[in-house]
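# Examination of the molecular architecture
For reference, the chains in residue letters:
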Amino acid sequence: TSTGRDGSGAGGAVGGAWARPRTGSPGWHASCVLAALLGALGCLFTVKEFGDPDFSEWLSPGPGQPLLGDSGRMLMLEAGDGGVQSLLLGARAWLVEGTLLGLGSVGVLLAWGTSKEAQLMSAVLMPLEGFYYLINTIYFPIVNMPFACIPMLILGGGLVYLPMWRFSTFLRPKSGVQKSYFKYLCSLGALSLGVGLMMLVRSTKYRAEIDEFVAVRDHFLGNGMAWSKGRAYPDGFKVKRGKKKA
């Protein structure tokens, strides 16, 4: 049986397509740390998407927190079953986002693995989180938060380019495998662009719901980020006539 440079049979599922991964170098460790930094927010929001508002309230209860506490209720107003993100996506945003961020977080953790399988799965999964952030560069202007596009570009671009660079540098795949991986990334990019454009088109249909969400969010951020448990809206928010008051 022929044997590749990594010592495994050339006919194996992964062996033979590339040499042994170049793990353990200072550059490899630096890329792992960078992946962890870029993926930290996604790891937190994976739990938040599936667990809020209870998770944020349990971990750090109270107002005045941009990520935890009462902000969990704000997240569910946005990404819950009837939230603006769900309306624009045409699906349960918390489920879609939580799944993408969760898979991306697994990819970030696998970046520390030294086996070919771990490195390959990391390269496949990490960009899912990156493209999720890039979709948000279209979503945030829709909800009047264009300034949020800058961090989304940094996180999204980093989580797409970093695994691509690690794939080429540390896995050293053969040309055919490299081309297949780039096609995979291009497919994700095209799909992400399509989703973003779909949200942009659907935003005209849900303009009233978006405007209401923006009003609630702006009040929440400007009123100490307080949203008492059991209330339909943040503390002190005055709903328009015809709607139930918080």
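For the structure itself, consult the block above.
Residue indices follow the written sequence of each chain, beginning from 1 at its first position. Predicted model: local features are reported for residues with pLDDT of at least 70 only, side-chain atom pairs are reported and counted for 80 or more only, and whole-chain, interface and lining totals are derived from all residues. Derived side-chain values reflect all non-hydrogen atoms in the structure, with water molecules and hydrogen atoms excluded from consideration.

### Comments concerning the packing of aromatic side chains
- Think of it this way: a Phe, Tyr or Trp ring, Trp meaning its six-membered ring, pairs with another when their centres are within 6.5 Å, and the plane angle makes it stacked under 30 degrees, edge-to-face over 60, tilted otherwise. The tally for this structure, following the rule as stated, stands at 10 aromatic pairs.
- Ring plane angle 45° and centroid distance 6.3 Å describe the contact between Tyr-181 and Phe-182, whose orientation is recorded as tilted.
- Aromatic ring contacts, followed pair by pair, group Phe-167, Tyr-181, Phe-182 and Tyr-184 into a single cluster.
- Geometrically, a charge over a ring is one whose NZ (Lys) or CZ (Arg) sits within 6 Å of the ring centre while staying within 35 degrees of the ring normal. The ring of Phe-45 carries the charged tip of Lys-48 above its face, separated from the ring centre by 5.5 Å.

### Side note on the pattern of salt bridges
- Each salt bridge in this description consists of a side-chain nitrogen of Lys or Arg and a carboxyl oxygen of Asp or Glu lying within 4 Å of one another. The tally for this structure, following the rule as stated, stands at 7 salt bridges.
- Asp-81 is the salt-bridge partner of Arg-92, the closest N and O atoms lying 3.8 Å from each other. Of this pair, Arg-92 sits in the loop between helix H4 (84-89) and helix H5 (93-110) while Asp-81 is found in the loop between helix H3 (71-79) and H4, placing the two residues 11 residues apart along the sequence.
- Burial classification: accessible surface area is computed with a 1.4 Å probe over protein chains only, and a residue below 20% of its type maximum counts as buried, one above 50% as exposed, and the rest as partly exposed. Overall, Arg-92 belongs to the partly exposed group, its relative accessible area being 47%. Only DSSP runs of H or I covering at least 4 residues are called helices, and only runs of E covering at least 2 are called strands; the numbering of each starts at the N terminus.

### Considerations on unusual backbone geometry
- A cis amide bond links Asp-52 to the next residue, Pro-53, at an omega of 5°.
- Checked against the element boundaries, Pro-53 lands in the loop between helix H1 (26-51) and helix H2 (54-59).
- Positive phi, normally seen in glycine, also occurs at Met-225, with a value near 50°.
- Relative to the helices and strands, Met-225 resides in the segment after helix H9 (207-222).

### Here we look at the environment of Arg-22
- Mapping Arg-22 onto the fold places it in the segment before H1.
- Judged by its relative accessible area of 47%, Arg-22 is partly exposed.
- Each C-alpha atom of the pair Arg-22 and Ser-115 lies 9.8 Å from the other, and the pair is 93 residues apart in sequence.
- Residue contacts are defined here by distance: any two heavy atoms, one from each residue, within 4.5 Å place the two residues in contact. The contacts of Arg-22, once residues within four sequence positions are left out, are Trp-28, Thr-169, Phe-170 and Arg-172.

### Comments concerning the packing of helix H7 (residues 149-171) against helix H8 (residues 175-202)
- One way to put it is that H7 packs onto H8 with a least axis distance of 11 Å and a crossing angle of 175°. Comparing the axis directions of H7 and H8 gives the class roughly antiparallel. Where H7 abuts H8, its residues Pro-163, Met-164, Phe-167 and Ser-168 lie against Val-177, Gln-178, Tyr-181, Phe-182 and Leu-185.
- Each residue receives one of three labels: charged for Asp, Glu, Lys and Arg, nonpolar for Ala, Val, Leu, Ile, Met, Phe, Trp, Tyr, Cys and Pro, and polar for the others, Gly being one of them. A class-by-class count of the residues in the contact of H7 with H8 yields 7 nonpolar, 2 polar and no charged. Angles run from 0 to 180 degrees between N-to-C directions of axes, and those axes are lines fitted to C-alpha atoms, restricted for helices to the stretch in contact. For classification purposes, an angle smaller than 35 degrees is called roughly parallel, one larger than 145 roughly antiparallel, one from 65 to 115 roughly perpendicular, and anything else oblique.

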